[in-house]
Structures are given as C-alpha cells and as structure tokens.
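Here are the chains, one letter per residue:
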Amino acid sequence: FLITVSSESNEEADALLKWKASLQNHNRSLLSSWVKDTTNVSSKTSPCAWYGISCNDAGRVDNITLPAKGLKGKLHDFSFSLFPHLAYLDLSYNKLFGTIPPQISNLTNLIHLYFGGNQFSGNIPPEVGLMSHLMFLYIDTNHLDGSIPPELGQLSSIVELSLFSNHLNGSVPPSLSNLTDLFILFLQDNSFSGFIPPDIGNSKSMSVLYLSSNKFSGPIPLSFGNLSNLNSLHLYGNSVSGSIPSSLGKLKSLFNLQLKGNQLTGYIPSSFRNLTGLLSLLLSQNKLFGSIPDEIGKMRSLSILDLSQNQFKGVLPPSVSNLTNLKELVLLYNNLSGSIPPLLENPMLTQLSLDNNHFTGYLPHNVCR
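- Per an unreviewed UniProt entry, the protein goes by Leucine-rich repeat-containing N-terminal plant-type domain-containing protein and derives from Citrus sinensis.
- Looking at the protein in UniProt, the text filed under Subcellular location (unreviewed entry) is "Cell membrane".

Quick look at the structure:
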C-alpha cells in the first residue's frame, strides 16, 4: 500500500513540476522547493512539503494555495486528472492567461476554486457543471466572454458564485434558480442583458445579490420579496424599468439597497417603512415621482439616503428629523419645495446636497455646526 501511495504521490510531483516548467516567470524563490528528490535514486519525490502544497493523511495532494505569487502562464500543462483528491485550489490574483481547460472537471472532489484576478479569456467551460462537490467558485476579474453555461445550474452544492468584472453577456440562464443553497451571487460589471430571471427569488438562502453595471431590462421581479435572508441588493447601472415592487418591503434583513441609474418610475413604496435595519438607500438617477413618503422617518438606521435626479415634489417630510444616524442626504435635481426640516441639525451629517430644488425659508439654525 505504501509503495502504491508513493508512486501516486510521485505522479503528482511530476505533474506539478511539468506545470512549473510551463510557467513564463514563476517566482523561483517561492517555488524553489518544487524540485525532485535526487538524494536517493530509489526514493520517490513527495510534493507534500513544497511551498503552497498540502496533503491528506495518505500523502495525496488535497490543497494548492498560490494566490498573488506573480505566476504567469497557462493551465493547459496542468494535469487535472492526476489530482483526484484535490479539494482546494487557489491561483487567484496571478497573471494566468489563456482559456480555462474543460479538463478541470476531472477535479471531481474540488470544493474551493479561486481563479479571480487573472487574465483568463474565452468561455466558461460547461464541464464546470460536472464538479458536483464545488461550493465556492470565484472566476471574477478576468477577460471571460460568452454567456453563463446553463450547466452551472447543476452545481447543487454551490454557496458562493462570483463571475463579476468579466465580459460575459447574454441572458442569465433560468437554471441558476436551481441553486437553492446559493448564499452569494456576484454578476456585476458584465454585459448581461434581458430580464432578470424571476426564479432567482427561489434561492431562499441568498444573502448578497449583485447584478449592477449590466444591461438588464424589464421589471424588478416580485419574487425578490421572497429572499427573506437578503442583506444586500445591488441593481444599479442597468435599464430596469417599472415600479419598485412593494414586496421589497418584506426584506427585513436588508441593510443595503442600491437601485440607482435605472429607468424606474412610480412612488417609493410605503412598505419601505418595514426596512428598519436599512443602512443605505440609493434610488438616484431614475424617473421616480410623487412625494417622499412620511414613512421614510421610520427607517431609523439609515446612514445614506440618495434620492437625487428624480422627479420628486412636495415637501421634505418632517419625519426625516428622526433619522439621527444619517450621514449623507442627497436630494439634488428634484422638484422639492417648502422649508427644510430641523433634520439638518443632525451632527452626524457629512454630506448634504439640496441644490436644484425649490426650497424656501431659512436654513436650520445649527446647520453650520
């Protein structure tokens, strides 16, 4: 048994050395431990003591951790099939380029995959959907293009999926709604288009949902009101239209809501009075109208309130004086009128933007403090 394990360990060592040799500028000081054992001709080389490599009790490689080490090269000389026990692979923030080989699916026991912050190009290989144990998939901040393969909806164990800051396009496949244990979904800063799949509202575990800086259109799905564990929702910088669904007022765990830079119309839902834990509400650069509801004063945790560049009119409700944690109040470019409430005597304020409205009367007495 020991001879067999040693032989397999030697195969893993050879595979790592082959990949090291293919790198264009591997950091010799960091990978200097990656060498064959030449002290004993009959001995086998084990990579378990090499820099960035960890092994399980049987001496098989189960962890490769080499983030931000200046590694430059491709993955095509990486023999994925020789690492059946690998559970953790972190090559993030290096200078790796080329495509992600479909053979990566041979890492059948992989749980953590971190490729973010590299220069990978081409499509996301559909074969990634075969990695049934994968829980953490980070391939953000690369040059990937094409659409999200529907096969990613087969990753039944996934809890964190990060694809942001690429050149991905097309619609988001409805199959992602199968990922019912998904906790974090980062799709921001791409070129996704079409409607936001309403079935994403089935992911009851979702805590962070970032869809900002894309080309999404159509309404905000009513089903988002089912995301009872949602903490942060970013939809800014799209072409989302229609009214803000009142169902968002059911998200009592929400503390960050950013809907700015869209085509939203209608009123601020009165149901927002239930968002008592909300810290930031950014609704600027839309086409919202009507008056600012008095219920806004019940959102007592608010630190940032930005309603600028809309079509709000009427007075600023006196209830805003209840927002004693407010640090930033941005109301510029609306049609607000009347006097300014004593809110502005709040010592927490660091930013106050009221220009291009129709306010009258006096500034609050203590505003200059």
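### A word on the environment of Gln285
At step 1: Within the secondary structure layout, Gln285 lies in the loop between β20 (280–282) and β21 (287–290).
At step 2: On the accessibility criterion, Gln285 (41% relative accessible area) is partly exposed.
At step 3: Taking the C-alpha atoms as reference points, Gln285 and Tyr333, 48 residues apart in sequence, are found 9.4 Å from one another.
At step 4: Contacts of Gln285, omitting those with residues within four sequence positions, involve Gly261, Asn262, Ser308, Gln309 and Asn310.

### Focus: the packing of aromatic side chains
To describe a pair of aromatic rings, you give the distance between the ring centres and the angle between the ring planes.
At step 1: Tallying each qualifying case throughout the model produces eleven aromatic pairs.
At step 2: With a centroid separation of 5.4 Å and 75° between ring planes, the pair formed by Trp19 and Phe78 is classed as edge-to-face. Of this pair, Trp19 sits in helix α1 (residues 2–22) while Phe78 sits in the loop between β3 (72–73) and β4 (88–90), placing them 59 residues apart in sequence.
At step 3: Owing to a relative accessible area of 5%, Phe78 belongs among the buried residues under this scheme.
At step 4: Taken together, a centroid distance of 5.3 Å and an interplanar angle of 40° make the contact between Phe115 and Phe120 tilted. The same class applies to Phe115 as to Phe120, namely buried.
At step 5: A connected cluster of aromatic rings, assembled from ring pairs, spans Trp19, Phe78, Phe80 and Phe83.
At step 6: Note that Lys260 overlies the ring of Tyr236, its terminal NZ or CZ placed 5.5 Å from the centroid.

### Some words on empty space enclosed by the protein
At step 1: Counting across every chain of the model gives one cavity of 30 Å³ or more.
At step 2: By volume, the largest cavity amounts to about 30 Å³.
At step 3: In terms of lining residues, the largest cavity is bounded by Ile100, Ile104, Leu113, Ile124, Pro125, Val128, Leu137 and Ile139.
At step 4: Tallied by class, the residues present in the lining of the largest cavity amount to eight nonpolar, no polar and no charged.

### Regarding the pairing of strand β15 (residues 215–218)
Sheet faces and side chains relate simply in a regular strand, where the side chains alternate between the two faces.
At step 1: Going residue by residue along β15, you find Phe216 and Gly218 tucked away on one face and Lys215 and Ser217 left uncovered on the opposite face.
At step 2: Relative to β15, strand β13 (residues 191–195) runs parallel, the two being bridged by three bridges. In the sheet register, Ser193 faces β15, and the bridge partner there is Lys215.
At step 3: The sheet contact formed by β15 and strand β17 (residues 239–243) spans two bridges and is parallel. Counted as the bridge partner of Gly218 is Val240 from β17.

About the thresholds
- Residues numbered from 1 in each chain as written.
- Predicted model: local features only at pLDDT ≥ 70, side-chain atom pairs only at ≥ 80, totals over all residues.
- Heavy atoms only, no water.
- UniProt positions renumbered as here; feature names shortened; annotations may be inferred.
- Helix = DSSP H or I, 4+ residues; strand = E, 2+ residues; numbered from the N terminus.
- Buried < 20%, exposed > 50% of the residue type's maximum accessible area, 1.4 Å probe, protein only.
- Contact = heavy atoms within 4.5 Å.
- Phe/Tyr/Trp six-rings, centres within 6.5 Å; stacked < 30°, edge-to-face > 60°.
- Lys NZ or Arg CZ within 6 Å of the ring centre and 35° of its normal.
- 1 Å grid on protein atoms, 1.4 Å probe; cavity = no way out; pocket = protein on both sides within 12 Å on 5 of 7 lines; lining within 4 Å.
- Points joined across faces, edges and corners; volume = space filled by probe spheres on them.
- Nonpolar A, V, L, I, M, F, W, Y, C, P; charged D, E, K, R; others polar.
- Pairing = 2+ DSSP bridges.

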